[in-house]
Amino acid sequence: MRAAHLFSGLLFLALFLATGQYLGMILPPFEGTLDGQRMMYRASHVYLLYASLLNLLAGAYWRPVTLRQRTQFLASVLLLLAQPVLALGFFLEPGALLLSRPWTLSGAVLALAGVVLSVFAQLGKGGPR
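Quick look at the structure, then. (Residues numbered from 1 in each chain as written. Predicted model: local features only at pLDDT ≥ 70, side-chain atom pairs only at ≥ 80, totals over all residues. Heavy atoms only, no water.)

Overview of the side chain of arginine 101
Working step 1: Relative to the elements of secondary structure, arginine 101 occurs in the loop between helix 3 (69-96) and helix 4 (102-122).
Working step 2: Assessed through its relative accessible area of 13%, arginine 101 is described here as buried.
Working step 3: A distance of 2.3 Å separates a polar atom in the side chain of arginine 101 from a polar atom in the side chain of serine 44.
Working step 4: Ignoring sequence-local partners within four residues, the contact set of arginine 101 consists of Met40, Ala43, Ser44 and Glu93. (Helix = DSSP H or I, 4+ residues; strand = E, 2+ residues; numbered from the N terminus. Buried < 20%, exposed > 50% of the residue type's maximum accessible area, 1.4 Å probe, protein only. Polar contact = N/O pair within 3.5 Å; in protein donor to acceptor, adjacent residues only side chain to side chain. Contact = heavy atoms within 4.5 Å.)

Right under this line is the structure:
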């Protein structure tokens, strides 16, 4: 899982950089009419950075835990899934001006659950000291 986190984190960090270039090309300068849409794109862009950094950190510190392997595996899967879900949020929600942002919310919840489960797996008897 360590390699999966590191690879995925680097891949989505590259996507973050690419979407930054994309934003520079497609978004007009601030003029008042599209500022809400611009803020939605920017927020989604930062969420991509957030998810990729979480996965890079998970890969850097990932250690197998014998007593809680399933919990740790589930945490890793949730962290890995958060990235493509947030990427979908970036590409689908701001353009459609979806104020509810279901993809972004789902990605953030996946990341939160992955972090909480990862911390739980590392605590107690089975975790590293």
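Regarding the side chain of asparagine 55
Working step 1: Position of asparagine 55 among the secondary structure elements: in helix 2 (residues 35-61).
Working step 2: At 2.8 Å, the side chain of asparagine 55 and the side chain of histidine 5 are in polar contact.
Working step 3: Excluding residues that lie within four positions of it along the chain, asparagine 55 makes contacts with His5, Leu6, Gly9, Leu79, Leu80 and Gln83.

Let's talk about the pattern of salt bridges
Side chains that differ in charge, positive against negative, can pair when their charged atoms come close.
Working step 1: Under the defined criterion, the tally for this structure stands at 1 salt bridge.
Working step 2: Arginine 101 is paired through a salt bridge with glutamate 93; the nearest N and O atoms lie 3.5 Å apart. The residues arginine 101 and glutamate 93 share a single accessibility class, namely buried. (Salt bridge = Lys/Arg side-chain N within 4 Å of Asp/Glu carboxyl O.)

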